[in-house]
Every structure is written in structure tokens, then in C-alpha cells.
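In case you want the letters, here they are:
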Amino acid sequence: MTDAPHPLAIAEIRLTPILVADPPLLNTQGVHQPYTPRLIIELVTEGGVTGLGETYGDTGYLDLARPLAAALIGRRVTDLNGLPALAAEVCGDSPDATGGDAVHAGGLRGVRTAEKLRLSVLSGFEVACLDAWGRAAGLPVHALLGGKLRDRVEYGAYLFHRWAEHPGGRGERDDWGAALDPAGVVAQARRFADTYGFTSFKLKGGVFEPAREVAAIRALAAAFPGRPLRLDPNGAWSTATSLRVADELADVLEYLEDPAGGTARMAEVAAGTRVPLATNMCVTTFDEIAEAFRRRAVQVVLCDHHYWGGLRATRELAAVCRTFGVGLSMHSNTHLGISLAAMTQVAATVPNLHHACDTHYPWQAEDVLTERIAIRDGQVDVGDAPGLGVTLDRDRLAALHRRWLADDGGLRDRDDAAAMRCADPDWTVPAVPRW
Ligand SMILES: O=C([O-])C(=O)C[C@H](O)[C@@H](O)C(=O)[O-]
Ligand SMILES: [Mg+2]
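The protein carries the name glucarate dehydratase in an unreviewed UniProt entry, which gives Streptomyces bugieae as its organism. As recorded by UniProt, the Catalytic activity (unreviewed entry) comment attached to the protein reads in full: "D-glucarate = 5-dehydro-4-deoxy-D-glucarate + H2O". We quote the UniProt Pathway (unreviewed entry) comment for the protein here in full: "Carbohydrate acid metabolism; D-glucarate degradation; 2,5-dioxopentanoate from D-glucarate: step 1/2."

Printed below as a string of C-alpha cells:
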């Protein structure tokens with residue numbers, strides 16, 4: 001007679017790639033595509049409980065997610081410390097997975113490596129395990145992480161220069177209109193503040209020449225006096241330009257995010273300014289921490305559980321930053337409500353998260369949840385419902401999956417430069433430093 005399977009053992013995993021509508025947001029590489037890929041993970045235990053996870057859905061991630069899902073069958077959702085080794089064994093470190101030294105297309109995440117892909121895939125499964133475990137135990141995810149320290153997590157408005165619609169009228173059109181100058185950026189910020197109550201603002205830079213972006217930050221400072229402001233050109237500037245902008249905006253910036261690319265340039269900039277430098281580009285794995293901290297290249301690291309390998313790894317990063325007196329904030333790429341719930345649960349447990357977290361969520365009109373997560377007074381409530389506390393809308397999921405199935409492959413991999421070529425056929429990713 002064989003033993004009955006443990007109720008927390010994983011019986012089934014469903015992977016559903018989807019395409020989600022995304023507005024024409026501009027960044028230094030190009031513009032967002034009309035639809036962006038995400039992967040939704042549903043993990044079912046032997047006890048019949050389902051856990052949800054969400055991560056990047058581009059082909060490179062799907063190729064790793066499928067074998068990892070197969071290898072997880074039979075393991076318990078509580079076996080989280082074993083996940084990284086399992087992922088390394090199953091996904092491997094083959095050069096095929098790295099794309100050589102290529103920079104992440106549209107990812108703005110520094111050089112693409114096999115480890116980064118693996119950690120992002122792993123993060124989605126870790127969240128699904130925690131959700132299932134929490135639901136089975138009747139506990140919120142934050143309790144599994146040691147308990148929440150706050151009842152609400154603060155988020156900031158993520159401002160973008162943008163067009164009113166995608167070139168050629170592709171995709172969905174929203175009612176935000178264009179924002180291509182300081183007045184447009186302030187109007188966008190005002191709508192964010194009025195609708196969601198955000199009180200801190202980050203502008204995606206690296207799109208227009210620096211003087212125009214400096215003017216936009218000045219206009220924001222005039223419209224929202226005393227509010228925390230951030231500018232993030234994703235490494236588009238030289239050291240000299242970074243220092244000039246830091247000097248010009250020193251009185252209003254909370255921090256300057258990735259003004260120049262790479263730890264060496266960031267260290268040069270940091271040595272010449274008192275404005276704190278933040279990053280989600282030169283420090284996105286544990287291996288990159290030692291050099292960057294030794295060289296005092298960054299004063300704030302943006303955690304992101306999709307980058308660092310999950311919610312528990314995010315807490316480990318927080319402990320390292322705390323130890324070295326480096327600040328912590330939170331990064332966001334395009335994401336849906338499952339990820340926002342996960343971000344909120346972990347953020348609630350981190351003592352040294354002293355900056356409002358980034359989120360793209362307001363830009364996403366579509367979601368796979370039965371109920372959108374509310375942002376009020378710039379904050380998301382930290383729920384005490386079991387697991388992540390969110391419910392999957394199967395019809396929505398199926399519809400967004402059908403869109404993915406119907407795509408000819410042109411949108412299944414994020415490529416902001418390719419999207420830009422629809423407006424400017426000669427466009428290539430600008431060489432850095434761009435200014
Ligand atoms: O803080 C950041 O660098 C990002 O959020 C990177 C993103 O890729 C953002 O620039 C975007 O979605 O265009
Ligand atoms: Mg950034």
C-alpha cells in the first residue's frame with residue numbers, strides 16, 4: 001500500500017501566457033508595444049488548493065517555466081529553500097538562455113543573463129507556492145514571511161512621456177492623451193494624484209534631451225511643492241550630463257535613478273553629487289552588490305521580487321541593504337494584480353522600505369482578477385485574507401490567452417525598439433551614453 005500524497009504536494013501546474021494591453025509609453029529604447037506578454041501560473045495542490053503567480057511571459061521565460069513546472073510536480077509548496085537549486089538544475093546556464101552579452105530587449109535591466117531569466121521565472125513559482133500555502137493554512141502571505149509591519153503600502157505615480165495612441169492606431173486607445181512636454185507631464189501627474197492619491201512622482205527619462213526632462217521635473221516641483229520627485233533615464237546619460245542634471249535638480253530630487261549605465265559610471269556620478277543615486281540596472285542580482293557598495297555607486301537599490309528571485313529573496317536583499325546603510329525602494333515593470341498583491345505583501349514585511357514603491361498598475365486597464373486592487377491615498381491595503389487574497393477571473397484569463405494565441409509571434413516578446421520602428425522605420429536602440 002502506498003502512502004496518500006501530502007495535501008501540500010503539488011499535483012498540477014497550469015501555465016497561461018497572455019498578452020495585456022499597454023499604452024504607448026516612451027523610454028530610451030523606444031516605446032511600449034500595444035500588448036505586452038505576461039505569464040500566469042496556477043499551481044494546484046493535492047489538497048485541492050490553487051495558488052497564483054505572475055511573471056514575465058516572453059519566450060525566453062516560457063522556455064524555462066515549462067520544465068520547471070514539470071519538475072515541481074510532487075514537491076511540497078513549503079519546500080521553498082529548495083527552489084533555486086531545482087531551477088538551476090532544470091533550467092541550466094546554457095549560453096542559449098543568455099543571448100550572449102545582449103542587453104534585455106525592452107527590459108532596461110542591464111545585460112541579459114541566464115541567472116536573471118531563471119530568477120524571474122522562479123519568482124512566479126515562489127509566489128504561487130506561498131499563495132497556495134497561505135490559502136491552505138488560512139494565513140496571508142505576509143504571515144508566512146514573518147508578519148506585516150504596516151497595514152498599508154505606499155506607491156508612487158509612475159509618469160511617462162507618451163503618445164495618445166499607438167502608431168497606426170494599433171492596440172487599445174485609452175483616454176490619457178499625449179504627454180510630450182512639461183505641461184503634459186504635470187497634467188498626467190495631476191490626474192494620477194486626483195485618481196489615486198499619489199503624493200510622490202517618478203518620471204521616466206532618457207526620452208528627450210536632458211534639458212527638456214529637467215524642465216518637466218521643475219514643472220512638477222512647482223505644481224507639487226515639497227513632494228518627493230525622481231527622474232530615471234535608464235542609463236542614457238554620460239557622467240558629465242548626469243552630474244549637470246544632478247546639480248540642476250539637487251534641491252527637488254528624492255533620488256536620481258540610473259542616470260548613467262554600469263557600476264563604474266554610477267560610482268563616478270555618485271562621487272560628484274550629493275543627490276542619492278538609485279538603481280534597478282547595475283545592481284539586480286546578489287553578485288552585483290559587493291562591487292557597487294564598495295565603490296559607493298548607489299545609495300538606493302530598487303528591489304523587485306521578479307528580479308531577485310521571489311519574496312523571500314527580496315527580504316534578504318533588504319537585510320543586506322540595511323547592513324550597509326543603503327536605502328531600499330521598489331521597482332516595477334508592466335504587471336497585473338497578482339504581482340501587485342505579491343509586491344504589497346512583501347513590502348509590508350520589510351522594515352527599511354522607506355520610499356514609495358513604483359507600480360505600472362494604473363497603466364494597465366486589463367487584469368485577470370475578479371476585482372481590481374484599489375489604490376487609495378497612494379496606498380494599497382495589506383490584506384489579511386488567506387494567501388495573496390486575490391481571485392482569478394477565468395474568463396478574463398482565457399480572453400487574454402486567446403489574444404496571445406492569435407498573435408503571429410510579433411508581440412510575444414517585449415521589444416520597445418521594434419514598436420518604435422512602427423513610427424520611425426529607421427529607429428535602432430540608441431547607443432549609450434545617448435546624451
Ligand atoms: O525603473 C525602471 O527602470 C523601469 O521601470 C524599467 C521599465 O522597463 C520602464 O522603463 C518601462 O516600462 O518602460
Ligand atoms: Mg529604473
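Participant: Would you take a moment to explain the coordination of the magnesium ion (ligand 2) for this structure?
Facilitator: When four donors bind a metal tetrahedrally, each ideal donor-metal-donor angle is 109.5 degrees, and when six bind octahedrally, the ideal angles are 90 or 180 degrees. Looking at the metal site, the magnesium ion (ligand 2) is ligated by D232 (OD), E257 (OE) and N280 (OD1), spaced 1.9 to 2.2 Å from it. Considered as a linear motif, the donors of the magnesium ion (ligand 2) on their single chain read D-x24-E-x22-N. Here D232 is found in strand β9 (residues 229-232), whereas its partner N280 is found in the loop between β11 (277-279) and α10 (289-294), with 48 residues between them in sequence.

Participant: Help me out: how do you make sense of unusual backbone geometry in this one?
Facilitator: Leaving glycine aside, a negative phi is the common case for residues, and trans is the common case for peptide bonds. Residue P433 is bonded to the preceding V432 through a cis peptide linkage, with omega at -10 degrees. Looking at where P433 falls in the secondary structure, it is placed in the segment after α15 (416-421). Positive phi, close to 40 degrees, is recorded for D258, a residue that is not glycine. By secondary structure assignment, the location of D258 is in the loop between β10 (253-257) and α9 (263-271).

Participant: What am I meant to see in the domain arrangement of the protein here?
Facilitator: The figure often quoted for interface size is the accessible area lost as the parts come together. Taken domain by domain, the protein comprises domain 1 (10-138 + 394-406) and domain 2 (143-381). Placing the centre of domain 1 and that of domain 2 at their C-alpha centroids yields a distance of 22 Å. At the junction of the two partners, domain 1 supplies 45 residues and domain 2 supplies 50 residues. With both sides pooled, the region where domain 1 packs onto domain 2 buries about 3,900 Å², and carbon together with sulfur makes up 62% of that total. Interface area lost by domain 1 to domain 2 is led by P24, L26 and E54, which between them contribute 17%. Applying the counting criterion to the domain 1 and domain 2 interface returns three salt bridges. Among the ionic pairs, E172 bridges to R403, the shortest N-O distance being 3.7 Å. Linking domain 1 with domain 2 are 20 residue pairs in polar contact (both at pLDDT 80 or more). With eleven residues, helix α4 (residues 114-137) is the largest single contributor of residues to the side of domain 1 that touches domain 2. Among the residues forming the side of domain 1 that touches domain 2, the class breakdown is 23 nonpolar, 13 polar and nine charged.

So, how was this worked out
- Counting restarts for each chain, with residues numbered from 1 along the sequence as it is written.
- The lettering of chains begins at A and the numbering of ligands begins at 1, in the order of writing.
- Under the rules for a predicted model, residues below a pLDDT of 70 receive no local features and side-chain atom pairs below 80 are neither given nor counted, while totals for whole chains, interfaces and linings still include all residues.
- With hydrogens and water stripped out, all remaining heavy atoms of the structure feed into the side-chain values.
- UniProt positions are given in the numbering used here, feature names are shortened, and annotations may be inferred rather than shown by experiment.
- Because no water is among the atoms considered, metal sites can look incomplete, with donors defined as N, O and S atoms within 2.8 Å of the metal, or 3.2 Å for Na, K and Ca.
- Runs of H or I in DSSP of at least four residues are treated as helices and runs of E of at least two as strands, each being numbered from the N terminus.
- By convention here, the domain bounds are inherited from an automatic or database domain assignment.
- Note on definitions: a residue-residue contact is assigned when non-hydrogen atoms from the two residues lie within 4.5 Å.
- Buried area: the accessible surface (1.4 Å probe) lost by two parts on joining, summed over both.
- Salt bridges are defined as contacts in which a side-chain nitrogen from Lys or Arg sits within 4 Å of a carboxyl oxygen from Asp or Glu.
- Here a polar contact means two N or O atoms within 3.5 Å. Within protein one must be a hydrogen donor candidate and the other an acceptor candidate, and residues neighboring in sequence count only if both atoms are side-chain atoms.
- In the scheme used here, Gly and all other residues not listed as nonpolar or charged are polar, with Ala, Val, Leu, Ile, Met, Phe, Trp, Tyr, Cys and Pro taken as nonpolar and Asp, Glu, Lys and Arg as charged.

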